Every structure is written in structure tokens, then in C-alpha cells.
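Observations on the model geometry
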Amino acid sequence: PEERYRTAVFKGIENLDKYYGQVGGRYAAHENLPTLDHGRKPTNGTEFCDVVEYTEAMFRFFEIFGETSVADRAEVLAYNSLPGATTPDFWCHQYSTAANQIDTSVADRGWDNKPDANNYGFIPNYPCCLFRPQRAWPNLISQLWMATHDNGLVAAAYGPSEVTAKVADGSDVTIIEETEYPFDGKILLRMKLAKPAAFPLKLRIPGWAKQGTVKYGGESWTPAGGQVIALQRAW
């Protein structure tokens, strides 16, 4: 409950961005952090494990602090840094991925990795990243929806999904999310309930959006980006 813990988390994120930040929401770390004078160079690599773990950490921070910025970062990492680090079938991955990478080859890139760390393979460089790929997307999907302390649900991140959960006084609700996000900004939520129930449905409005548009029935709202809004009503 002490403010210093929250301060430490967000100062840590700020420092990683300032000294080692890379496109796609990640930070440079081949095996160790580069020296400060090389920290932000786009020729630096990021270990695949870092992308997966950093995404998971952002969702944990959203659970604890409710800050939309960390949920924004989780989406940026998942939708920008994960795809390039693996082959489409997820059988192979790169140990380290660079921002301005133009090829994959066995070469000395000045990283503290073996020369094959840039290759797509089953266990390039070290096998420690081998068990991360198959947990990356399931982790994202499992965090799209979260329960709230007031017996509601919050859309923490967005993507095609379906969730069944307990709300209100223990009633079951199923929400089907139809969307092409992040390729399109339109999101349609269909709700199914066994019986009417009153509970808050909370939506994260991403910080990168100047505002969002929310429509339900004949009502419409235009909330500013960077907040979580609550629709409290009997559904």
C-alpha cells in the first residue's frame, strides 16, 4: 500500500524506455543490458523471453494499479514484438530480435550471445526461450477480460474472444467480442445472460486514442483516451 512501490515500478519502466527503449514497446537486452552509450541503438537485440515476461508483467501491473498505460504497453508488445520473434507456426523462434533487422544469419552482431541468436530455430543460442513461445498468446488471451472488485468485468485488452464469468450476485454472463483489433478499431460486444443482472461493465480506452466512441442502445459516449470507463446498469 505504500506509494514508493508504485513509484518504483513506473520509474523502472521510464528508465528502461529512456536508456534502452526499442520500437514495439520492448527494451534492449540480448543477454545482459547493453552499455548506456549503445542502449537505444536499433541494432540491439531483445531476448524473446523478455518480450513474453514484460507483457505478463504489464498485465500484473494493470491488475494492481489500474493504470491504462501498462495495459497499453502489453498490447503494444504482444501485437508488435511477438509476431516477428517467431515463425507463424510457432515451431521456431529467434533468441534475440533487433528493431532494424534486415536478415537472419549466423553472424557476430556485437551482442553477448552466440552467432546464431538471430536465427529462427528450435533452440538457437540457449534453450531457455524454448518453452516461452507456446505460452505467449494464451497469456494474452487469458488477460483480455478481468474480474473487478465490484463484481463486474473489465476489458483490459482487446481482441477476438469469448468469456463466461460470474458477475453481480453470482449470475453467469457470456460476452462475445467480435473485432479485427488491432487492425481495425471497431469492437462489438454481445452479451448473453441466463437472467437479468446489474453489474459494471468496464472498458479500457487506450491512451493512444484521443477519444473513443461507446454506443449502447440509443445512448452514446465519447470518453477521452487513457482511462477506464464503467457502464453501471441492469443488463
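Placed above this text is the structure.
Residues numbered from 1 in each chain as written. Predicted model: local features only at pLDDT ≥ 70, side-chain atom pairs only at ≥ 80, totals over all residues. Heavy atoms only, no water.

1. What to know about the sheet that holds strand S13 (residues 227–234)
- Here we have four strands laid out as an open sheet, ordered S5-S6-S10-S13, and mixed in their pairing. What marks the edges here is a single partner per strand, and that holds for strand S5 (145–147) and S13. Taking each pair of neighbouring strands and ignoring which way they run, the sheet shows an average axis angle of 25°.
- Judged from the eight bridges that link them, strand S10 (residues 198–205) and S13 form a sheet pairing that is antiparallel. (Pairing = 2+ DSSP bridges. Helix = DSSP H or I, 4+ residues; strand = E, 2+ residues; numbered from the N terminus. Axes fitted to C-alpha atoms, helices over the stretch in contact; angles between N-to-C directions.)

2. Considerations on the pattern of salt bridges
- Inspection of the entire model under this criterion finds 15 salt bridges.
- The partner of Lys202 in a salt bridge is Asp150, with the nearest N and O atoms 3.1 Å apart. A residue pair is termed long-range when its members are at least 10 positions apart, and Lys202 in strand S10 and Asp150 in the loop between S5 and strand S6 (153–155) qualify at 52 residues.
- Via salt bridges that share partners, Glu3, Arg6 and Glu67 belong to a single interconnected network. (Salt bridge = Lys/Arg side-chain N within 4 Å of Asp/Glu carboxyl O.)

3. Concerning the packing of aromatic side chains
- Applying the stated rule across the entire model yields nine aromatic pairs.
- Site record: aromatic cluster; members linked through ring pairs are Tyr79, Trp137, Tyr158 and Tyr181.
- The positively charged end of Arg6 is found above the aromatic ring belonging to Phe10, 4.6 Å away from the centroid.
- The side chain of Arg233 reaches across the aromatic face of Trp235, ending 5.7 Å from its centre. (Phe/Tyr/Trp six-rings, centres within 6.5 Å; stacked < 30°, edge-to-face > 60°. Lys NZ or Arg CZ within 6 Å of the ring centre and 35° of its normal.)

4. Comments concerning the sheet that holds strand S7 (residues 161–167)
- In spatial order, the strands read S7-S8-S9; together these three strands make up an open sheet with antiparallel pairing. Edge strands, defined here as strands with exactly one partner in the open sheet, are S7 and strand S9 (187–193). Across the sheet, the mean angle separating the axes of adjacent strands is 20° when strand polarity is ignored.
- Where S7 lies against strand S8 (residues 171–179), seven bridges are found, and the strand directions are antiparallel. Looking across to S8, one finds that Ser161 is bridged to Glu177.

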